[in-house]
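A structural walkthrough
So the chains spell out like this:
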Amino acid sequence: MMDIEYVRKQFPALERDFIFMDNAGGSQVLLKVAERISGYLLHHNVQLGASYKVSEEAGRKLKYATSRITALLNAEKDAEVVIGSSTTMLMRILSLTFSGNLKKGDEIIVTNTDHEANVSPWMDLQKKGINIKIWEVNKTTLQLDLEDLNALMTERTRLVTVTHASNVLGTINPIREIAAFVHKKGALICVDGVAYAPHRKVDGQELDVDFYTFSWYKTFGPHLAVMYGKYEHLQHLDSLNHYFIGKDSIPYKLQPGNFNFELTYSTLGIIEYYEEFYRHHFTDQTLNFDQRLEQTFKMIGQHEEKLAKQLLDYLNSVPEIKVIGHTSPDAEKRVPTISFVHKDFKSNEIVEKVDPHRIGIRFGDFYAKKLIQSLDLLEQNGVVRVSLVHYNTVEEVQKLISIFKRIFGQPNGN
């Protein structure tokens, strides 16, 4: 059992009289992260690359932070880690630099389940003569079928972009299977992991993806993002930095103006938290870092499944409510980002009735605009989304359910 009291003590914002259930929009920040930001700014706020002592110390600290991110993502080398201001910006940088290797008539496949961060940058390449195809979700199962992808791919397909977990559906896509399929067809794969990384372990090598991006501010850290890319593919990307920064300067050529020093350094607080989480809950200290992460995220997944089951059991019991995504809480199939609509209420009306109770949930399309349009949910003003993470409690979910019951009535109609 996860020690929820221990977990919540690591997040100062949770001491407020407020329940945070809009975590897919941005999670609360670890105390360790805030301390790392403060420590860097107060003691090492200098430019890197100078010969004086403080600059050398700052350089070592940032090199160490990058090495820990490399270990967290199980990348092969530090150069495979690209830091950027947001996933949206990193995807835009990737699309611009990747397009230099494309020819008119080449193809890129996007999905209609993704956040626009992994859609718009690729769609814009149509201006350069690149053919963009859309891998559409099965409207019955609300899943992406490989048969449909197979029908879209040709010898001109250069890249397939897909989300690891939908920020609306909560569905976990089988990325390793998709990656193997795409590679067999001779194309590369780019994955948006923003909605997945807060909940499960990300292993770049095990997934065998070519590019993988997520945001630290969704994973208990600062407003910053990271992209993992296989070195062999990063080498071929154009430089977006100064003219004297060549294609071999990896990852600097993809980090114009360099990365944010204090925020990058603060990501150490996230990794330290995962390590301390393991030590707090498990006695076997012989496991390596990767194995400890595996156990940590397994326990997190079990707790989140319990939360999801509680909420989904209620939502599934109300005939007027339709869950948009997996109706099962199975942690192998979904993350606890749960969306729904009600036949008698628009989504904004539901959220507005919850707001006075000091619970943060949300409605809308969440920039997954093509999905909301495809599912004909515009008239509902999108979906109601309750996005939980492991610091949420059973009691918090129970309180939300009690408020829903006042809004919708009991499942039996009373």
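Structural notes, computed from the coordinates. Model, not experiment: these values are computed from the prediction. (Residues numbered from 1 in each chain as written. Predicted model: local features only at pLDDT ≥ 70, side-chain atom pairs only at ≥ 80, totals over all residues. Heavy atoms only, no water.)

Observations concerning the overall build of the protein
- Secondary structure summary: the protein contains 14 helices and 13 strands in total.
- On C-alpha atoms alone, the protein measures out to a radius of gyration of 22 Å, which is about the 22 Å that the 2.2 N^0.38 rule sets for 414 residues.
- Classification of the 414 residues of the protein by burial places 58% in the buried group.
- By sequence separation, contacts in the protein at least 24 residues apart represent 67% of the contacts at least 6 residues apart.
- Counting every atom, the protein has about 17800 Å² of accessible surface; 49% of that belongs to carbon and sulfur. (Helix = DSSP H or I, 4+ residues; strand = E, 2+ residues; numbered from the N terminus. Rg over C-alpha atoms; globule rule 2.2 N^0.38 Å. Buried < 20%, exposed > 50% of the residue type's maximum accessible area, 1.4 Å probe, protein only. Contact = heavy atoms within 4.5 Å. Areas by Shrake-Rupley, 256 points an atom, 1.4 Å probe, with all protein chains shown as cover.)

Notes on the sheet that holds strand β13 (residues 383-387)
- On the basis of which strands lie adjacent, the open sheet formed by four strands has the order β9-β10-β13-β12 and antiparallel pairing. Of all strands in the sheet, those with a lone pairing partner are β9 (321-323) and β12 (362-364), marking the two edges. Geometrically, the sheet is characterised by an average inter-axis angle of 35° between neighbouring strands, direction not taken into account.
- Relative to β13, β12 is paired through three bridges, and the arrangement is antiparallel. Considered in β13, the bridge of R362 is made with R385.
- The sheet strands contacting helix α14 (residues 394-408) are β9, β10 (337-342) and β13, and the helix crosses β10 at an angle near 10°. (Pairing = 2+ DSSP bridges. Axes fitted to C-alpha atoms, helices over the stretch in contact; angles between N-to-C directions.)

Focus: the packing of helix α2 (residues 31-43) against helix α10 (residues 261-281)
- Running from amino to carboxyl end, α2 crosses α10 at an angle of 145°, the nearest separation of the two axes being 7 Å. Remark: the crossing between α2 and α10 carries right-handed chirality. In this structure, α2 uses K32, V33, R36, I37, Y40 and L41 to contact α10, whose residues at the interface are F261, E262, L263, Y265, S266, L268, G269, I270, E272, Y273 and E276. (Left-handed = near helix turned anticlockwise from the far one by under 90°.)

Observations regarding helix α3 (residues 53-73)
- With 21 residues, α3 should reach 30 Å at 1.5 Å per residue; the first-to-last C-alpha distance of 31 Å fits that figure.
- Where α3 is concerned, the buried positions are S55, A58, L62, A65, T66, R68, I69, T70, L72 and L73.
- Phi turns positive one or two residues past the end of α3, at N74, with a value near 55°. (Expected span 1.5 Å × (residues − 1).)

Focus: the packing of aromatic side chains
- Summed over all chains, the structure comprises 20 aromatic pairs.
- Ring centres 5.8 Å apart and planes at 45° place the aromatic pair Y273 and Y274 in the tilted group. One exposure class covers both Y273 and Y274, and it is buried.
- An aromatic cluster is present here, built from F11, F220, Y273, Y274, F277, F297 and Y391 joined pairwise through their rings.
- Over the aromatic face of F366 sits the side chain of R385, whose NZ or CZ is 3.8 Å from the ring centroid. (Phe/Tyr/Trp six-rings, centres within 6.5 Å; stacked < 30°, edge-to-face > 60°. Lys NZ or Arg CZ within 6 Å of the ring centre and 35° of its normal.)

Side note on the nonpolar core
- Grouped together as the largest cluster of nonpolar side chains are 85 residues, with contacts concentrated most on W135, L149 and Y212.
- For this core, the leading source of residues is α10, giving ten residues.
- Those residues in contact with Y212 that sit more than four places away from it in its chain are H164, V191, G193, Y196, V202, L207, V226, M227 and Y228.
- Counting residues in each nonpolar core, the second largest holds 29 residues, with I19, I338, V354 and F404 among its members. (Core = buried A, V, L, I, M, F, W, Y, C linked by side-chain atoms within 4.5 Å.)

Points about the packing of helix α11 (residues 289-317) against α14
- Where α11 contacts α14, the axes come no closer than 10 Å and their chain directions differ by 10°. Our classification of the angle between α11 and α14 gives roughly parallel. Here K306, L307, Q310, L311, Y314 and L315 of α11 come into contact with α14, specifically with V394, V397, Q398, L400, I401, F404, K405 and F408. (Parallel < 35°, antiparallel > 145°, perpendicular 65-115°, else oblique.)

Regarding the sheet that holds strand β7 (residues 211-215)
- The seven strands are arranged β2-β8-β7-β6-β5-β3-β4 in an open sheet whose pairing can be described as mixed. Looking at strand neighbours, the two that pair on one side only are β2 (81-84) and β4 (131-135), the edges of this open sheet. Adjacent strand axes in the sheet meet at a mean angle of 20°, parallel and antiparallel pairs treated alike.
- With five bridges joining them, strand β3 (residues 107-111) and β4 adopt parallel strand pairing. The partner of E107 across the bridge, within β4, is N131.

Description of the side chain of N112
- Structurally, the position occupied by N112 is in the loop between β3 and α5 (120-123).
- Of the residues examined, N112 reaches a relative accessible area of 4% and is grouped as buried.
- For N112, the side chain forms a polar contact with the side chain of S374, separated by 3.5 Å.
- Residues within four places of N112 in sequence aside, it is in contact with I134, W135, E136, V137, K370, L371 and S374. (Polar contact = N/O pair within 3.5 Å; in protein donor to acceptor, adjacent residues only side chain to side chain.)

Observations concerning the pairing of β2
- Burial of the side chains of β2 extends over both faces: V81 and I83 are buried on one face and V82 and G84 on the other.
- Bridge count between β2 and strand β8 (residues 225-229): four bridges; the pairing is antiparallel. Note that in β8 the partner of V81 across the bridge is Y228.

Some thoughts on the side chain of E396
- Position of E396 among the secondary structure elements: in helix α14.
- Setting aside its immediate chain neighbours within four residues, E396 contacts R8, I19, M21 and Y391.

Regarding the pattern of salt bridges
- Scanning the model with the defined rule gives 24 salt bridges in all.
- Between E206 and R176 there is a salt bridge, with its nearest N and O atoms 4.0 Å apart. Taken as a pair, E206 in helix α8 (residues 204-207) and R176 in helix α7 (residues 175-184) lie far apart in primary sequence, 30 residues in all.
- By relative accessible area, which is 41% here, E206 ends up partly exposed.
- The shortest N-O distance in the salt bridge between K309 and D313 comes to 2.7 Å. Of the two residues, K309 and D313 are both situated in helix α11; the distance of four residues between them amounts to about one turn of the helix. (Salt bridge = Lys/Arg side-chain N within 4 Å of Asp/Glu carboxyl O.)

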